[in-house]
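Remarks on the overall topology
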Amino acid sequence: MQIRRGEIYFVNLNPVVGSETAKTRPCLILQNDIGNRFGDTTVVVPFLAPGDYPFIVNVKPTSANGLDRERGLNLSKIRSVSIKRIKNKLGVLEDIYWLDIKKALLAECGFYHTSGKTLT
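The following refers to the structure shown.

1. Considering the nonpolar core
- Counting 14 residues, the largest nonpolar core has Leu28, Phe47, Val57, Val59, Leu73, Leu93 and Ile101 as the members making the most contacts within it.
- At the level of elements, β3 (41-48), β4 (56-59) and α2 (98-109) are the ones that each hand at least two residues to this core.
- Setting aside residues no more than four positions away along its own chain, Val59 makes contact with Phe47, Asn65, Leu67, Arg69, Glu70, Arg71, Leu93 and Tyr97.
- Counting nine residues, the second largest nonpolar core, distinct from the first, contains Ile3, Val11, Val81 and Ile86.

2. Description of the environment of Leu99
- The topology assignment puts Leu99 in helix α2.
- Spatially, the C-alpha atom of Leu99 lies 21 Å from that of Tyr9, the residues being 90 residues apart in sequence.

3. Things to note about the pattern of salt bridges
- On inspection of all chains with the given rule, the structure shows five salt bridges.
- Taking the shortest distance from any N to any O, the salt bridge between Asp68 and Arg71 comes out at 2.8 Å.
- Under the relative-accessibility criterion, Asp68 is labelled exposed at 54%.
- One continuous salt-bridge network, built from bridges that share partners, spans Asp68, Arg69 and Arg71.

Rules behind the numbers
- Residues numbered from 1 in each chain as written.
- Predicted model: local features only at pLDDT ≥ 70, side-chain atom pairs only at ≥ 80, totals over all residues.
- Heavy atoms only, no water.
- Core = buried A, V, L, I, M, F, W, Y, C linked by side-chain atoms within 4.5 Å.
- Buried < 20%, exposed > 50% of the residue type's maximum accessible area, 1.4 Å probe, protein only.
- Helix = DSSP H or I, 4+ residues; strand = E, 2+ residues; numbered from the N terminus.
- Contact = heavy atoms within 4.5 Å.
- Salt bridge = Lys/Arg side-chain N within 4 Å of Asp/Glu carboxyl O.

See below:
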C-alpha cells in the first residue's frame, strides 16, 4: 500500500492507553511522502468532533475528501501508527486547509517566537 500525505483513511486506533483516541476513525496522513514510502509507520491525525480551539481545524465534507459530515481535525491527538492499522481510503484533503493545519500544529506544539507570534 502506498500512502501519501494529505490522504484520508480509516485507521484502527485500538488498542489504546488512557485517553488516547480509540476506534476505527477517519484520519489524515500527516507524515511526508518519503517517510511514508520507506517506513513501516506513519503520522496521522484523527478527525473527531468539530470545535473552536486553536488545535482543531474544522473540515467540511466533500466528494474529494470523502467525509460524511463536518469533522474536526484534532492536532492535539497526533499519533504515529503502524501502516498495518491503515484501512480503506476515503479521499484527499483539499489544499485550502493546509495553512490552518500548520497553524494548529504550531499552536499544539507550542512553537512561538519570543514575541509570542507563531513561527511561519
